[in-house]
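Chain by chain, the residues:
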Amino acid sequence: MASSSIPKTGSLQTESRNNESTEIDVVSTVEMCQIINTADVSIAPAVNKCIPEIARTIDLIAERVRKGGRVLLGVLDASEIPPTFSASYDQFVALMAGGDSAIRHAAEGAEDSTTLPISDLDSIIPPINSLDTLIGIAASGRTPYVLAGLTYCRESHGMLTVGVSCVSPSEMRGRAECLIECVVGAEVVTGSTRMKAGTATKMILNMISTGVMIRIGKTHGNLMVDVKSSNKKLIDRARRIYRTLLPHTPLLDHEIDALIASCDGSVKLAAVVGKLHCSVDDAREKLESTGGVLRKAWTDKTATAPLQPLSPAPQLVLAVDAGGTKCSAIIANRNAVQSRADVTLGHDAALLTMSDAINRAIELLPEDVLPTASRPQLPLIRPLFMAAWIGGAGLDRPADLDAVHSRISQLLSLEDPANLLVTNDAALLSSAIIEHDNEQHNIKAETKTGVVLITGTGSLAKSFTLMSAEHKLVSSSIERAGGWGYLLGDEGSAYYIGREAIRRTLRHRDAGRPPTPFHTSVAAHFGCTSIGGIISAVYAPGQFREDPSAQPLNADPKLRVASLCRVVFEAAFPATAAHPDLGALDIVRDGANAAVEMLLCLLQNKEMINPGTSTLVLGGALGQIKEYRDLLVQELEKKGKAFASVEAVGDAAGCAIDLLRRNFLGRPSGE
């Protein structure tokens, strides 16, 4: 799990020396306090940089807490949450190296143990399970107790793991599904991480715990509506909250107190009764059906109404492409696509936002295709879709596929769970094996083989067999090549081509040869007036810019390099009658050859995949460029591996939705 890039203890940001406090022991007490206070100013901006990952963490934990999952975290937050939000003490479990006694007397040796966290976790009653979340806190990002706990929970129990550290990169990488690395810099007292690092950690944990409580309906606006009126102070607060929620209530104070008491001390329940003039039982049912969210309970007019059977059966299908950086949800009926929602997020986040993408797509549906007057939201109470295909990045292991299938089945409430297909996102492209290869709509069943090639983040080649029949769709993976992730893969991708262009440009300069126009355009892309400036521009674009008027570069280093691909293609395939730059063309050809080499790994056994009777499906941005496709096909033909057909698919979810429409809704044959 540890990487050579992980710094040694002495070079950690938390262990560095603060130049502003080297004389702190000889200055006046006022000056000492000013030094500490000035250092603390950097904490909030550092936390602000982590907000996207903190927000993702909140959403993931909230989803699990709604289903009864627990949160295992530090003692202080675990003890503060229940009384603040009327949450169960069983829902937030305190865990600390050295146990409860370490709160009063630090148990430094305990944090070095890799077996103690496992025994501590195994001693929790009821036993931990996949719905639970572990939040590991280690300012240095390398505490053995925390790392062992994260690894054990993630690998042995399938739990959501969250890492909070104050160094980057930390050894939590690969162990924590959500990683919050908040770098606050050197401490006023060197290595005393209870200061800035401790404050930043507390701010992050406050944000997570409060955010989770808000997301599961514990507040209405900024009011703690789930407060329980269990003493005089809380009775008074509960009454004031009720009056704030319902400012025009005719009830007197003692009547409000009596109403809240009849609702088991719950202000939220009383607010539903007072707003909707319903019974306590109806109000409780209303809250339960809306996930405990007061705002939804007030506005959802169908929450307690008897469910009416849908007639006719659902006439919509759903396809979701939850890739590494974007999640797309498409809904269609027999006639056409009716709505589409795209959610763009950071790397590896999109799969976890599919519920949001589906809800957005439902919101965009025309009213005339909805089966009821009210617009549903996930989780669906009644079936809305006849069939659905969910493709998610990284969904390969059977256990992961089963877990996602179970979760999505509950969210979609499909009449027939067999009509839900959950696969890796690359498998969505396999729909082109049949959908684009054969438009014979009167065929009752078809089985085709093909290979999907994606030249992009973590480039991947995957062979499939796809069985398509009326009301049935089965996509089966045969073999795969590549797909090693964004650090180890990327053969033939935009990043691969951009990196090769930089290397060849620099190599040309190192050989003492004058730059070609192509090399000059490479430098200009990075805002450089000299070839030598490229290296600094690639690694530190914010600090080095020879040409101030140049366009700003992407903050992500990989995307920064990949953006050069456009320059390479423009030189290799000029739009005018100008001659192509042979160096640029050779770079593109080299990228195509790298992708083909990966592809050839799947074509060794003709009994499994015979190119002559199979479809090659090209995904990713480069696969949509004709010149690049031609190079791929030419190289395959040179090696005697010509495919029966080649399809470029830029919209995986769109291709999959077409096949779902055909198989389950009888798409009009005149399209």
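Since we're looking at a predicted model, the values are computed, not measured. (Residues numbered from 1 in each chain as written. Predicted model: local features only at pLDDT ≥ 70, side-chain atom pairs only at ≥ 80, totals over all residues. Heavy atoms only, no water.)

Trainee: Just checking my understanding: could you explain helix α7 (residues 196–215) for this structure?
Mentor: For an α-helix the count is 3.6 residues per turn, leaving residues at separations of three or four pointing the same way. With 20 residues, α7 should cover 28 Å at 1.5 Å per step; its first-to-last C-alpha distance of 28 Å lies within 8% of that length. Buried residues of α7: K196, A197, A200, T201, I204, L205, I208, S209, G211, V212 and M213, and no others. The first or second residue beyond α7 is G217, which carries a positive phi of 90°. (Helix = DSSP H or I, 4+ residues; strand = E, 2+ residues; numbered from the N terminus. Expected span 1.5 Å × (residues − 1). Buried < 20%, exposed > 50% of the residue type's maximum accessible area, 1.4 Å probe, protein only.)

Trainee: Sorry, what's going on with the packing of helix α21 (residues 565–572) against helix α22 (residues 582–600) here?
Mentor: Helix-helix packing is characterised by the crossing angle of the two axes and by the distance between the axes. Close contact between α21 and α22 brings their axes to 8 Å; oriented N to C, the two are set at 120°. Accordingly, the angle class assigned to the pair α21 and α22 is oblique. Along this stretch, α21 crosses α22, giving a crossing that reads as left-handed. Between α21 and α22, the residues in contact are V568, F569, A571 and A572 and A584, L585, I587 and V588, respectively. For the contact of α21 with α22, a count of residues per class yields eight nonpolar, no polar and no charged. (Axes fitted to C-alpha atoms, helices over the stretch in contact; angles between N-to-C directions. Parallel < 35°, antiparallel > 145°, perpendicular 65-115°, else oblique. Left-handed = near helix turned anticlockwise from the far one by under 90°. Contact = heavy atoms within 4.5 Å. Nonpolar A, V, L, I, M, F, W, Y, C, P; charged D, E, K, R; others polar.)

Trainee: What is the right way to read the pairing of strand β10 (residues 420–424) from this model?
Mentor: Each regular strand carries side chains that alternate between the two faces of the sheet. The buried count for β10 comes to five of five residues, which makes it a mostly enclosed element. Pairing of strand β9 (residues 387–392) with β10, which is carried by five bridges, proceeds in the parallel orientation. From the neighbouring strand, W389 faces β10, where its bridge partner is L421. (Pairing = 2+ DSSP bridges.)

Trainee: Any chance you could explain the nonpolar core here in plain terms?
Mentor: Looking at soluble globular proteins, one finds that nonpolar side chains tend to be buried together. Counting residues in each nonpolar core, the largest one holds 47 residues, and the members touching the most others are L453, F526, I534, V568 and Y628. Elements that contribute at least two residues to this core include exactly β11 (445–454), α17 (494–510), α18 (517–525), α19 (534–539), α21, α22, β14 (615–619) and α23 (626–638). The leading source of residues in this core is α22, at 10 residues. Counting 34 residues, the second largest nonpolar core, distinct from the first, contains L60, F92, L205 and V212. (Core = buried A, V, L, I, M, F, W, Y, C linked by side-chain atoms within 4.5 Å.)

Trainee: What exactly am I supposed to notice about the packing of aromatic side chains here?
Mentor: Aromatic rings considered in pairs are described by the distance between their centres and by the relative angle of their planes. Counted according to the given criterion, the structure contains two aromatic pairs. On the numbers, 5.8 Å between centres and 40° between planes, the contact of F569 with F573 is tilted. Grouping aromatic residues by their ring pairs yields a cluster made of F569, F573 and Y628. Here K275 stacks its cationic end above the ring of W298, 4.9 Å away from the centre of that ring. Lying across the ring of Y495, K558 places its NZ or CZ 4.2 Å from the centre. (Phe/Tyr/Trp six-rings, centres within 6.5 Å; stacked < 30°, edge-to-face > 60°. Lys NZ or Arg CZ within 6 Å of the ring centre and 35° of its normal.)

Trainee: What is the right way to read the environment of G174 from this model?
Mentor: Considering the arrangement of structural elements, one finds G174 in the loop between β4 (160–165) and β5 (178–181). Here G174 falls in the partly exposed class, since its relative accessible area comes to 47%. Taking C-alpha positions, G174 is 9.6 Å from L150, a pair spaced 24 residues apart along the chain.

Trainee: Would you mind showing me how to read the environment of N48 here?
Mentor: Looking at where N48 falls in the secondary structure, it is placed in helix α2 (residues 43–49). Residue class for N48 comes out partly exposed when judged on its relative accessible area of 49%. Through-space distance from the C-alpha of N48 to that of I204 is 9.6 Å; in sequence the pair is 156 residues apart.

Trainee: Explanation requested: the pattern of salt bridges in the structure shown.
Mentor: Two side chains with opposite charge may pair up if their charged atoms get near one another. Taken as a whole, this structure holds 26 salt bridges when the rule is applied. Among the ionic pairs, R215 bridges to D59, the shortest N-O distance being 3.8 Å. Taken together, the residues span a long stretch of sequence, with R215 in helix α7 and D59 in helix α3 (residues 51–66) at a distance of 156 residues. On the accessibility criterion, R215 (45% relative accessible area) is partly exposed. With its nearest N and O atoms 3.0 Å apart, the salt bridge here joins D510 to R509. (Salt bridge = Lys/Arg side-chain N within 4 Å of Asp/Glu carboxyl O.)

Trainee: I'm lost on the packing of α18 against α21 in this one. Help?
Mentor: Put simply, α18 and α21 touch, their axes get as near as 10 Å, and they point 155° apart. With respect to their mutual orientation, α18 and α21 come out roughly antiparallel. Both α18 and α21 take part in a crossing whose hand is right-handed. Between α18 and α21, the residues in contact are F518, S521 and H525 and R566, V567, V568 and A571, respectively. Residues belonging to the contact of α18 with α21 are distributed by class as follows: four nonpolar, two polar and one charged.

Trainee: In this structure, what is going on with the sheet that holds β4? I would like to understand it.
Mentor: Remark on secondary structure: sheet strands pair via backbone hydrogen bonds, oriented parallel or antiparallel. Strand order in the open sheet made by the five strands is β2-β1-β3-β4-β5, with parallel pairing throughout. Every other strand in the sheet has two partners, leaving β2 (92–94) and β5 as the edge strands with one partner each. Adjacent strand axes in the sheet meet at a mean angle of 15°, parallel and antiparallel pairs treated alike. Packed onto the sheet, α3 meets β1 (71–73), β3 (133–137), β4 and β5 and runs at close to 145° relative to β5. Lying on the sheet, helix α6 (residues 144–157) is in contact with β3 and β4; it crosses β3 at an angle near 160°.

Trainee: Honestly, the confidence of the model for the protein chain in this entry has me stumped. Any pointers?
Mentor: When pLDDT drops low, the exact placement of atoms in the prediction is not to be read closely. Summary statistics for the protein chain give a mean pLDDT of 83 and a share of 85% for residues scoring 70 or more. The low-confidence segment residues 303–311 (pLDDT under 50) makes 13 contacts with residues lying over four places distant or belonging to another chain. The low-confidence segment residues 436–445 (pLDDT under 50) makes 21 contacts with residues lying over four places distant or belonging to another chain. (pLDDT = per-residue confidence, 0-100.)

Trainee: Sorry if this is basic, but what is going on with α3 here?
Mentor: In a regular helix each residue adds 1.5 Å, so 16 residues correspond to 22 Å; α3 covers 22 Å between its end C-alpha atoms and thus fits that length. What α3 keeps buried is the set I54, R56, T57, I58, L60, I61, A62, E63, R64 and V65. Backbone geometry just after α3 places G68 at a positive phi near 100°.

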